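# An overview of the molecular structure
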Amino acid sequence: MGLCLQGLFANNASIGYLGKDRSCYDVKHYAITVKIDPSLKRISGSNDMAINVLSYTKLLRIDLMPTMQVDYLSFDGQAKPFVRKKDHVLLRFEQALKTGDQHQIKIAFNGAPRVAEHAPWDGGFVWSLDDYNRPWVGMACESLGPSSWLPCKDHWSDEAEQMDMCIIVPKSLTGVSNGRLVSVQTIDSNWHAFNWHVSSPINGYNISINVGAYTHLSDTFKGQATVDLDYYVLDYNSAKAERHFLQVDKMHQAFEHYFGPYPFAKDGYKLVETPYWGMEHQSCVAYGNQYKNNAFGFDFIIVHESGHEWFANSITADDPADMWIHESFTTYSEALYVEYFMGKQAANEYLWTQRLKISNKAPMQGPRGMYYHGSDNDIYYKGTWMLHTMRHMLNNDSLWFATLKQLNNTFKHSIVNTQQIIAFFNQATGRNWQAFFDVYVYKSQLPVLNLNVTEGKDGMNVYHLKLSNCVNKTQLPIVVKMPSGEYQTWQLSKHGMSITLPNNFDWISQVKAQYLLDWSAYPNEAEL
């Protein structure tokens, strides 16, 4: 998710396991209608799913959690019997559906969806009131899954290629979702509907619902592609938002520079004020940071959640076990934002604020097929330092930043896994990173730098260095600026090495700033 994980999310093995009854079809389009009733804290509506059959099957599964009821189900326009299970709906067919066939499944539903006690970490709906006691509704379900409120195929490996969303809300309120606003229509004297269209592939947990007394502000980012910027904020925050959101243009500048053009220009970019901190809902970023900047002068939520448009929404992991792909690159984008506007030294200082939050309790890569969500923040902060370490190991910024752009171009609007990312970096940089990822992604503990110093002659010391807790092929290039001004490079590995340097030569602090290592073996770490 777009924020720090706090505690272990409950794993949902049923959603996580992609059985034959779901792998047999691909979702092409969702047409969702949902009526939001804040007074009752209930929703009702329908989802018309266009699917393509991938393999012969007599069973289809549609996910929907037990808090929601099914009112009606049709298959290709005809009422269809179904079996209601605990967390899904099962359709049985006497004649197998054939590979390549296309079908329409429409499910009408209603209920009181789960309420999030601490969104976005604890997923569900947020039924809140604004400062004037008017209804203010939000929803975030990354950790919970969209089947907590919507009948759908609830698996990260399948994205609807397009989506239409109709949000029906009380006349005094505005309903905001992903993509572009197509129309507003009157239902009756009490209700009206906001119709939105998404033209790009969208993951189910990114489908967004926002209801409030919103004012609409707009702007334009003119980069390699023109991006419409839309802001939906509570009416009494309009002036504040107009000033504060000027930094959105800067965010787009920096991220276009490092990652390439905004990947959802057809759908536009939105910030929507929410009663919770934030979330990376595609083309509809949830914003709830109360218009505050951090010590580095920017709004963390705007930068981080918007970074997810490139990493999570465009490049999407196929299983939550690979969520380090989302969070590591996005958290690293914060440091690059700082570097773009404030320089490399400021970026290093920013990285150090993150370095202190690494725990190394569990591998960043989790078990697949069980909807696993990690137990700590390492997919954020260990991940960003892992990428920072890669940059210094490569020691070629031109190639490094070209690789980040190529990554986004290669996997734009694609679903990936960890091994695909490793293979990409191997190919793009011309070196094998498998051992590197084996240590930093698949193991919990960091490589340890073992350092002993012996006194030499004529004011020189001998530094004896060796890596431990690493795989055999792990090597880190240690680049040292010598007293002469020249740079020398040594390959640090588990086999050890020795460097003779002046006894007053401070180079360890430079190495510490470049690499993610466990420095506990260094005797004077407190002095660095």
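Residues numbered from 1 in each chain as written. Predicted model: local features only at pLDDT ≥ 70, side-chain atom pairs only at ≥ 80, totals over all residues. Heavy atoms only, no water.

The helix and strand tally for the chain stands at 12 helices and 27 strands. Compactness check: the chain gives a C-alpha radius of gyration of 25 Å against a globular reference of 24 Å for 528 residues, within 12% of the reference. Projected onto its principal axes, the C-alpha coordinates of the chain cover approximately 90 × 55 × 40 Å. Out of the 528 residues in the chain, the part that is buried amounts to 59%. Accessible surface, the chain as shown: approximately 20800 Å² in total, 48% of it carbon and sulfur. Where the 44 positive side-chain charges of the chain centre and where its 52 negative ones centre are 4 Å apart. (Helix = DSSP H or I, 4+ residues; strand = E, 2+ residues; numbered from the N terminus. Rg over C-alpha atoms; globule rule 2.2 N^0.38 Å. Buried < 20%, exposed > 50% of the residue type's maximum accessible area, 1.4 Å probe, protein only. Areas by Shrake-Rupley, 256 points an atom, 1.4 Å probe, with all protein chains shown as cover. Lys, Arg positive; Asp, Glu negative; His and termini not counted. Charge placed at Lys NZ, Arg CZ, Asp CG, Glu CD.)

A word on the pairing of strand β1 (residues 25-37). Consecutive side chains along a regular strand alternate between the two faces of the sheet. Two elements, β1 and strand β2 (residues 42-53), share 12 bridges in a ladder whose sense is antiparallel. Bridge pairing in β2 links Ile-36 to Ile-43. Counting the residues that bridge the hairpin from β1 to β2 gives 4 residues, and of these Lys-41 lies at a positive phi of roughly 55°. (Pairing = 2+ DSSP bridges.)

A few words now on the sheet that holds strand β6 (residues 83-84). Hydrogen bonds between backbone atoms are what pair the strands of a sheet, whose relative direction is either parallel or antiparallel. One open sheet holds the 3 strands; their spatial order is β3-β7-β6, and the pairing between them is antiparallel. Looking at strand neighbours, the two that pair on one side only are β3 (57-63) and β6, the edges of this open sheet. Inspection of the sheet shows β3 paired to strand β7 (residues 88-97) by 6 bridges, in the antiparallel sense. If you follow Thr-57 over to β7, its bridge partner there is Leu-97.

Using the criterion set out here, one finds 5 cavities of 30 Å³ or more in the structure. What the largest cavity holds in volume is close to 90 Å³. Lining the largest cavity are 14 residues, and of these Pro-363, Met-364, Tyr-372, Gly-374 and Ile-379 lie nearest its centre. Of the residues in the lining of the largest cavity, the class split is 9 nonpolar, 4 polar and 1 charged. Within this model, the second largest cavity holds a volume of roughly 70 Å³. What lines the second largest cavity is Tyr-332, Ala-335, Leu-336, Glu-339, Lys-344, Ala-347, Asn-348, Leu-351, His-388, Arg-391 and His-392. Secondary-structure elements contributing two or more residues to the lining of the second largest cavity are α6 (324-342), α7 (344-355) and α8 (378-394). Of the residues contributing to the lining of the second largest cavity, the split by class is 5 nonpolar, 3 polar and 3 charged. (1 Å grid on protein atoms, 1.4 Å probe; cavity = no way out; pocket = protein on both sides within 12 Å on 5 of 7 lines; lining within 4 Å. Points joined across faces, edges and corners; volume = space filled by probe spheres on them. Nonpolar A, V, L, I, M, F, W, Y, C, P; charged D, E, K, R; others polar.)

What follows covers the packing of α6 against α8. Contact geometry for α6 and α8: axes closest at 7 Å, N-to-C directions at 65°. Here the hand of the crossing between α6 and α8 comes out right-handed. Contacts from Trp-324, Glu-327, Ser-328, Phe-329, Thr-331, Tyr-332, Leu-336 and Glu-339 of α6 reach α8 at Ile-379, Tyr-380, Tyr-381, Gly-383, Thr-384, Met-386, Leu-387, His-388 and Arg-391. In the contact of α6 with α8, the residues fall into 9 nonpolar, 5 polar and 3 charged. (Axes fitted to C-alpha atoms, helices over the stretch in contact; angles between N-to-C directions. Left-handed = near helix turned anticlockwise from the far one by under 90°. Contact = heavy atoms within 4.5 Å.)

In this structure the tally under the stated criterion is 14 salt bridges. Salt-bridge contacts for Asp-63 lead to Arg-22; the nearest nitrogen and oxygen are separated by 2.9 Å. With a gap of 41 residues between them, Asp-63 in strand β3 and Arg-22 in helix α2 (residues 20-23) connect regions that are remote in the sequence. Assigned by exposure class, Asp-63 and Arg-22 land together as buried. For the salt bridge of Asp-228 with Arg-180, the shortest nitrogen-to-oxygen distance reads 3.0 Å. Of this pair, Asp-228 sits in strand β17 (residues 226-234) while Arg-180 is found in strand β13 (residues 180-186), placing the two residues 48 residues apart along the sequence. A relative accessible area of 29% places Asp-228 in the partly exposed class. A residue is classified by how much of its surface remains accessible, and Arg-180, at 31% relative accessible area, is partly exposed. (Salt bridge = Lys/Arg side-chain N within 4 Å of Asp/Glu carboxyl O.)

Moving on, we get to the environment of Ser-333. Relative to the helices and strands, Ser-333 is located in helix α6. Taking the C-alpha atoms as reference points, Ser-333 and Ser-306, separated by 27 residues in sequence, lie 9.7 Å from one another. In this view, Ser-333 contacts Phe-255, Phe-259 and Gly-307; residues no more than four positions away in its chain are not counted.

The next thing to look at is the sheet that holds β1. The mixed open sheet is built from 8 strands, whose spatial order is β5-β4-β8-β2-β1-β11-β14-β13. The open sheet has two free edges, formed respectively by β5 (78-79) and β13, since each of these has just one partner strand. Bridge count between strand β4 (residues 68-75) and strand β8 (residues 102-111): 7 bridges; the pairing is antiparallel. Counted as the bridge partner of Met-68 is Gly-111 from β8.

As a further point, take a nonpolar patch on the surface. Residues Tyr-340, Phe-341 and Met-342 make up a contiguous nonpolar surface patch of roughly 240 Å² in combined accessible area. Position of Tyr-340 among the secondary structure elements: in helix α6. In this structure Tyr-340 comes out as partly exposed when scored by relative accessible area, which is 32%. (Patch = residues over 30% accessible without salt bridge, like charges linked within 9 Å, V, L, I, M, F, W, Y side chains within 5 Å.)

Turning our eyes to something else, we now look at the confidence of the model for the chain. This prediction gives the chain a mean pLDDT of 93; 96% of its residues lie at or above 70. In this model, residues 3-10 is a region of pLDDT below 50 whose contacts with residues beyond four sequence positions or in other chains number 32 contacts. Below pLDDT 50 for its whole length, residues 524-528 participates in 7 contacts with residues either more than four positions away or in separate chains. (pLDDT = per-residue confidence, 0-100.)

So, about the packing of aromatic side chains. Summed over all chains, the structure comprises 41 aromatic pairs. An angle of 70° between the planes, with centres 6.3 Å apart, marks the rings of Tyr-332 and Trp-400 as edge-to-face. Residue Tyr-332 is found in helix α6, and its partner Trp-400 is found in helix α9 (residues 397-410); the two are separated by 68 residues along the sequence. Comparing Tyr-332 with Trp-400 shows no difference in burial state: the two are buried. A ring pair is formed by Trp-433 and Phe-436, whose centres lie 5.4 Å apart and whose planes are at 80°; its orientation type is edge-to-face. Each member of the pair Trp-433 and Phe-436 is classed as buried. Positioned above the aromatic ring of Trp-385, the side-chain terminus of Arg-355 is 5.9 Å from the ring centre. (Phe/Tyr/Trp six-rings, centres within 6.5 Å; stacked < 30°, edge-to-face > 60°. Lys NZ or Arg CZ within 6 Å of the ring centre and 35° of its normal.)

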